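# Notes for the structure review
So the chains spell out like this:
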Amino acid sequence: MLIPRVPCFLCLIGLFSLILFEQPVNAEQKSELPYLQRQNVVYAEVYGVGLLLDIFTPRGEANGLAIVDIASGAYHSDRGKIRDHKRAQMFDIFCGRGYTVFAIRPGSIGKFNGPEMLENVNRGIVWVKSHAKEYQIDPDRLALLGASAGGHLACMAAVSANDPQSKTRVKAVGVFFPPTDLMNYGGLKIDISGNDPLGNSIRRLITPRGSETGSETIDEKKLDELRTAFSPARLVKPGLPPFLLIHGTADFMVPLQQSRTMVAALEKANVPVTLIVKKGGGHPWPTIHEEVEKMANWIDEQLK
């Protein structure tokens, strides 16, 4: 089967995000921001490395509710990913409504593979819940957000907390343009055993660290098992919290098919789900703050 040459999505997704979100903020605008930001709070330690989050608290009246925002793009969680979310007005919009936002950085692909990043996301959710009293939020009414790689991790965290009593259970999930099915990406089963750039990226994401350079060869059957286990659309079960997915029709990094596949799986399991399709929207798009407002409206309804 012929596989098209697709650019490495781990690199290009981050590049497009940086270009489209780039908007300078002057000192006057900064003083008028509707939030106070506390940077680099350590929420866990893994392999002797501190995992960090930023906390955005509303300057105005707090509503007692919180957002866990997964700051990851192209499976990198450097500080630039939080700046991307600032440019999309994520913190302005949610803090302006009284939410406290915890922007979790789950680690980057150079240090962690996908399942390890998921573990780090779950550590972050547990940390937020365990500090609910300190930040005066309701630990049982959290919303989980993410975009692109962060959206993928958010979906994985949600489907892996199917049990209502799970420590990482959230009340609502809102994501932008997430990869959801690594077995069928844009209508194709990408060959991840060869040298295709996209295939290499997926293999690096799903395989144990060091396996690519070790003596053990991972056969095709095992690779399929690994990517199925990291495809949230293939892990959906009844009883999950409501989902909102937002995706553009002109997204050449993560096909719209990925959100449609997740929606179909959720609908089949009778999980409440809404899909907003942005006509002409890329990855992302310059007016994405308008869709962030729509997401905030939806979360208002889910958490009330």
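Small disclaimer: the values here were computed from a predicted structure and weren't measured.

Before going further, it helps to examine the overall build of the chain. Helices and strands together make up the secondary structure of the chain, namely 11 helices and eight strands. With 304 residues in all, the chain has 55% of them scored as buried. Long-range contacts, defined as pairs at least 24 residues apart, comprise 78% of the intrachain contacts of the chain with a sequence gap of at least 6. A total of about 13400 Å² of accessible surface is found on the chain, and carbon and sulfur atoms cover 52% of it.

With respect to topology, eight strands assemble into an open sheet ordered β1-β2-β4-β3-β5-β6-β7-β8, the strand pairing being mixed. Edge positions in the sheet fall to β1 (35–46) and β8 (273–278), since each has one partner strand and no second. Each neighbouring strand pair of the sheet contributes to a mean axis angle of 20 degrees, computed without reference to strand direction. Of the strand pairs in this sheet, strand β2 (residues 49–58) and strand β4 (residues 100–104) are connected by four bridges, and their pairing is antiparallel. If you follow Ile55 over to β4, its bridge partner there is Phe102. Sitting on the sheet, helix α3 (residues 79–87) touches β1, β2, β3 (66–70) and β4, and the angle it makes with β1 is about 145 degrees. Against the sheet, helix α10 (residues 256–268) makes contact with β7 (243–248) and β8, and its axis sits at roughly 160 degrees relative to β7, the strand it touches most.

Let us look at the pattern of salt bridges. Side chains that carry opposite charge are capable of pairing whenever their charged atoms lie near each other. Tallying each qualifying case throughout the model produces 14 salt bridges. With a shortest N-O distance of 3.9 Å, Lys222 and Glu225 are connected by a salt bridge. Here the residue Lys222 and the residue Glu225 both occupy positions in helix α9 (residues 220–228), the gap between them amounting to three residues, near one helical turn. Accessibility expressed as a relative area gives 40% for Lys222, which makes it partly exposed. Here Lys294 and Glu291 are joined by a salt bridge, their closest N and O atoms 3.9 Å apart.

The amide bond that connects His283 to the next residue, Pro284, takes the cis arrangement and shows omega of 0 degrees. Relative to the helices and strands, Pro284 resides in the loop between β8 and α11 (288–303). Despite not being glycine, Ser148 shows a phi value in the positive range, around 60 degrees. With respect to the secondary-structure elements, Ser148 resides in the loop between β5 (142–147) and α7 (149–159). On the accessibility criterion, Ser148 (4% relative accessible area) is buried. The phi torsion at Phe177 lies on the positive side, around 30 degrees, for a residue other than glycine. Inspection of the secondary structure assignment puts Phe177 in the loop between β6 (172–176) and α8 (197–206). The buried category is assigned to Phe177, whose relative accessible area is 3%.

The next point concerns the packing of aromatic side chains. In total, this model carries 11 aromatic pairs according to the counting rule given. Ring plane angle 20 degrees and centroid distance 6.1 Å describe the contact between Tyr47 and Phe112, whose orientation is recorded as stacked. Pair noted here: Tyr47 is in the loop between β1 and β2 and Phe112 is in the loop between β4 and α5 (114–130), with a separation of 65 residues, a long-range link. What makes Phe112 buried here is its relative accessible area of 3%. Look at Phe94 and Tyr99: their rings are 5.7 Å apart centre to centre, the planes differ by 75 degrees, and that puts the pair in the edge-to-face class. Accessibility classification places Phe94 together with Tyr99 in one group, the buried group. Counting every residue linked through ring pairs, the aromatic cluster contains Tyr35, Phe56 and Phe91.

Another aspect to go through is the pairing of β3. When you tally the buried positions in β3, you get five out of five residues, the bulk of the element. Two elements, β3 and β4, share five bridges in a ladder whose sense is parallel. The partner of Asp69 across the bridge, within β4, is Ala103. By the bridge criterion, five bridges tie β3 to β5 in an arrangement that is parallel. Of the residues in β5, the one forming a bridge with Val68 is Leu144.

Conventions adopted
Residues numbered from 1 in each chain as written. Predicted model: local features only at pLDDT ≥ 70, side-chain atom pairs only at ≥ 80, totals over all residues. Heavy atoms only, no water. Helix = DSSP H or I, 4+ residues; strand = E, 2+ residues; numbered from the N terminus. Buried < 20%, exposed > 50% of the residue type's maximum accessible area, 1.4 Å probe, protein only. Contact = heavy atoms within 4.5 Å. Areas by Shrake-Rupley, 256 points an atom, 1.4 Å probe, with all protein chains shown as cover. Pairing = 2+ DSSP bridges. Axes fitted to C-alpha atoms, helices over the stretch in contact; angles between N-to-C directions. Salt bridge = Lys/Arg side-chain N within 4 Å of Asp/Glu carboxyl O. Phe/Tyr/Trp six-rings, centres within 6.5 Å; stacked < 30°, edge-to-face > 60°.

Nothing here speaks to function; it is all geometry.
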